[in-house]
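Chains, contacts and geometry: an overview
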Amino acid sequence: VFMNILTCQEYMKETILEPLDHKNLDQDVLHFADVVSTTKNLAAYIWDSLQKRLPEGCLYKVKNL
């Protein structure tokens, strides 16, 4: 599955940057009110959020660079 990079960047902005950037995960992000904010749980949150926005089969890995 191919996607325009600008579309991909917009999806990432909507699903990762806007809800998470410069936030206290435990206090400001509703998902982490009941989930410990470990890097594993953060990766799972990002995966689930992107999976909902991207076309099926487009997402195969969430990786920390």
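One can find the structure itself at the top, above this paragraph.
This report concerns the structure included in the present document. What you are looking at is a predicted structure, and each value in this text was computed from that prediction instead of being measured.

1. Observations regarding the overall build of the chain
Looking only at helices and strands, the chain features three helices and zero strands. When the helices and strands of the chain are read in sequence order from the N terminus, they spell out α-α-α. Projected onto its principal axes, the C-alpha positions of the chain cover 35 × 20 × 20 Å. For the chain, restricting intrachain contacts to residue pairs at least 6 apart in sequence, the fraction spanning at least 24 positions comes to 46%. Here the chain has roughly 5300 Å² of accessible surface; of this, 54% comes from carbon and sulfur atoms. Positive and negative side-chain charges in the chain, numbering 7 and 9 respectively, have mean positions lying 7 Å apart.

2. Focus: the environment of Ser 37
Within the secondary structure, Ser 37 sits in the loop between α2 (25-28) and α3 (39-53). With 34 residues separating them in the primary sequence, Ser 37 and Met 3 have C-alpha atoms 30 Å apart. Once you skip the residues sitting within four places of it in the chain, Ser 37 turns out to touch Leu 25, Asp 26 and Phe 32. Only 2.9 Å separates the side chain of Ser 37 from the side chain of Asp 26, close enough to count as a polar contact.

3. A look at unusual backbone geometry
Residue His 22 is not a glycine yet carries a positive backbone phi of 60°. Relative to the helices and strands, His 22 resides in the loop between α1 (5-20) and α2.

About the criteria used
Residues numbered from 1 in each chain as written. Predicted model: local features only at pLDDT ≥ 70, side-chain atom pairs only at ≥ 80, totals over all residues. Heavy atoms only, no water. Helix = DSSP H or I, 4+ residues; strand = E, 2+ residues; numbered from the N terminus. Contact = heavy atoms within 4.5 Å. Areas by Shrake-Rupley, 256 points an atom, 1.4 Å probe, with all protein chains shown as cover. Lys, Arg positive; Asp, Glu negative; His and termini not counted. Charge placed at Lys NZ, Arg CZ, Asp CG, Glu CD. Polar contact = N/O pair within 3.5 Å; in protein donor to acceptor, adjacent residues only side chain to side chain.

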